[in-house]
Amino acid sequence: MASSSKLFLPLQIANGRIQLQHRVIMAPMTRNRGVPLSEGTPEDPNRIWLADDLVALYYGQRASHGGLLITEGIPPSLEASGMPNVPGLFHEAQVPGWKKVVEAVHTKGGFIYAQLWHAGRATVPQFTGTTPVSASATPWDTDEKYPFRTPFTKEKIAYRNYPPIALTHEHIKKTIDDFVAAAKLAREIGFDGIEINGGNGNLVDQFLHSNINTRTDEYGGSPEKRSRFLLELTAALAGAIGASNVAVRLEPTGLYQHTRGADRVETWGYLSQQLADLYQDDNKLSYVHFIEPRFDRIDSEAEKEGFYKSWSLQTVSNQPFRKIFADKGIPVISCGGWDDKNAVDAVEKSGWDGVVFAKWFTSNPDLAERLRKELSLSEYDRSRFYGSWDGIRENGYTNYPPYKDEVQLKAEQEAKVP
């Protein structure tokens, strides 16, 4: 029975400060439901997005007693903003909306971490008003288009047409300062902690990948040097809000957004060992969050084989990195590919301390309860993941009922059928 599984036993994170009552965790998911600060004009389009009552409702619906939610990626600066309709945490007008989100979750007895996210070269100036930045001035090597049409002109533009500039030392310091300011603000608002997005092909991940980071200074050229930015960022955040309030998301096997770097074992092995060794005793990180491998992001078997040989991994798995943290007593959680059929095995056989769900949480606000009672899951609508293309923000967002209401609604609909 799922209810007697380790999946529903308590888990301590935040170095014991927080005790979760179960291990079903909501993943950070971009949903593009924020509202604009202003209407904007073609000459001065809106670039600042806010959380509001609907966003608070969404998170509140998915909260549970002793459960952990991780927010969508929150940009700590305008430069960091990778998509429209994503609320940031760098403008005073963004504070009230996020306070509503935190209050909605805490009212249900849940916990919520703010994921801080810098998209790096996966931005375009039409939305940020700034030049894209990255570890190096490495342009995209395909004609891949930015997923959203530009404001007012409604164009689809290619990333490669707006190549990034390499962050200078001064710019790196400013970027870290932006993260620190957002983290402090998050804690003031009431978030229970913050998570660094160190995967998904975003800025931190771009520093870690040798095909993007071609620097020859202390931030590039070797696994140790490519890890430096994330280590410095983590240290700054730990110093500002306490290590136990800081979590890190990593993706050693990632390929998203053209992260094609080699030396996976050397890079993430070094990085993991450093994080595990540096943050011990009363200074432990809250948890480390791994993204499972995605094999559908490789175009051919030949390409796949080439990547695997360059990675130095005997098997494409996060297990070697999980063990580094587990051996040091830092909780490790896993996201990707888990469902009602295999989630129990994730904690009982694969050694993960918690299981992180994305798409199933979109359509099942009471996911933890459904898994506990082995109830059927409602199917998600992928077309509604990233915004409300029909202008109805609630659709595919807050209009999924919990199981009890779903059953009642179906019964009422069946009763109306002649």
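As shown above, the structure is provided for reference.
Residues numbered from 1 in each chain as written. Predicted model: local features only at pLDDT ≥ 70, side-chain atom pairs only at ≥ 80, totals over all residues. Heavy atoms only, no water.

1. Notes on the overall build of the chain
When helices and strands are tallied, the chain shows 14 helices and 14 strands. What you see for the chain is a C-alpha radius of gyration of 21 Å, in line with the 22 Å of a compact globule of 418 residues. If one aligns the C-alpha atoms of the chain with their principal axes, the spans along those axes are about 70 × 55 × 45 Å. Buried residues in the chain amount to 56% of all 418 residues. Considering only contacts within the chain whose residues lie at least 6 apart along the sequence, 73% involve residues at least 24 apart. When the accessible surface of the chain is split by element, carbon and sulfur atoms take 51% of a total near 17200 Å². Computed over 47 positive and 53 negative side-chain charges, the inter-centroid distance for the chain is 2 Å. (Helix = DSSP H or I, 4+ residues; strand = E, 2+ residues; numbered from the N terminus. Rg over C-alpha atoms; globule rule 2.2 N^0.38 Å. Buried < 20%, exposed > 50% of the residue type's maximum accessible area, 1.4 Å probe, protein only. Contact = heavy atoms within 4.5 Å. Areas by Shrake-Rupley, 256 points an atom, 1.4 Å probe, with all protein chains shown as cover. Lys, Arg positive; Asp, Glu negative; His and termini not counted. Charge placed at Lys NZ, Arg CZ, Asp CG, Glu CD.)

2. Thoughts on the packing of helix α8 (residues 264-278) against helix α10 (residues 319-326)
One can describe the packing of α8 onto α10 by two numbers: an axis separation of 9 Å at closest approach and a directional angle of 15°. When the axes of α8 and α10 are compared, the pair comes out roughly parallel. In this structure, the crossing between α8 and α10 has a hand that is right-handed. Where α8 approaches α10, its residues Arg264, Val265, Trp268, Gly269, Ser272, Gln273, Leu275 and Ala276 are matched on the opposing element by Phe321, Ile324 and Phe325. Looking at side-chain class alone, the contact of α8 with α10 contains 7 nonpolar, 3 polar and 1 charged residues. (Axes fitted to C-alpha atoms, helices over the stretch in contact; angles between N-to-C directions. Parallel < 35°, antiparallel > 145°, perpendicular 65-115°, else oblique. Left-handed = near helix turned anticlockwise from the far one by under 90°. Nonpolar A, V, L, I, M, F, W, Y, C, P; charged D, E, K, R; others polar.)

3. What to know about helix α4 (residues 169-189)
With 21 residues, α4 extends 30 Å from end C-alpha to end C-alpha; this agrees with the ideal 30 Å at 1.5 Å per step. Those residues of α4 that sit buried are His171, Ile172, Thr175, Ile176, Asp178, Phe179, Val180, Ala182, Ala183, Ala186 and Ile189. (Expected span 1.5 Å × (residues − 1).)

4. With respect to the nonpolar core
Judged by nonpolar contacts, the single largest core of 99 residues is most densely connected at Tyr59, Ile194 and Phe357. It is α4 that provides the largest number of residues to this core, a total of 8 residues. In contact with Tyr59, not counting residues within four places along its chain, are Met26, Leu69, Ile70, Thr71, Glu72, Trp98, Val101, Val105 and Ile112. Core analysis: the second largest hydrophobic core is formed by 12 residues, Met83, Trp117, Val124 and Trp140 among them. (Core = buried A, V, L, I, M, F, W, Y, C linked by side-chain atoms within 4.5 Å.)

5. Brief notes about the packing of aromatic side chains
The full count for this structure, using the stated rule, is 15 aromatic pairs. Ring centres of Trp140 and Tyr159 lie 4.2 Å apart, and the angle between their planes is 10°; this geometry places the pair in the stacked category. With Trp140 in the loop between β8 (133-134) and β9 (165-166) and Tyr159 in the loop between β8 and β9, this pair connects stretches of sequence that are 19 residues apart. Across the pair, exposure class does not vary: Trp140 and Tyr159 are buried alike. Aromatic ring contacts, followed pair by pair, group Phe127, Trp140, Tyr146, Phe148 and Tyr159 into a single cluster. (Phe/Tyr/Trp six-rings, centres within 6.5 Å; stacked < 30°, edge-to-face > 60°.)

6. Comments concerning the pattern of salt bridges
Across all of its chains, the model carries 19 salt bridges by this definition. Measuring nitrogen to oxygen at the nearest pair gives 3.8 Å for the salt bridge that ties Asp345 to Lys349. On the basis of relative accessibility, which here comes to 68%, the residue Lys349 falls in the exposed class. Here Lys410 and Glu406 are joined by a salt bridge, their closest N and O atoms 3.6 Å apart. Taken together, the positions of Lys410 and Glu406, both in helix α14 (residues 403-416) and 4 residues apart, correspond to about one turn of that helix. (Salt bridge = Lys/Arg side-chain N within 4 Å of Asp/Glu carboxyl O.)

7. A few points about helix α2 (residues 95-107)
Helix length check: α2 (13 residues) gives 18 Å between terminal C-alpha atoms against 18 Å at 1.5 Å per residue, within 8%. Looking one or two residues past α2, Gly109 carries a phi angle of roughly 80°, positive in sign.

None of the figures reported here should be taken as evidence of function without further support.
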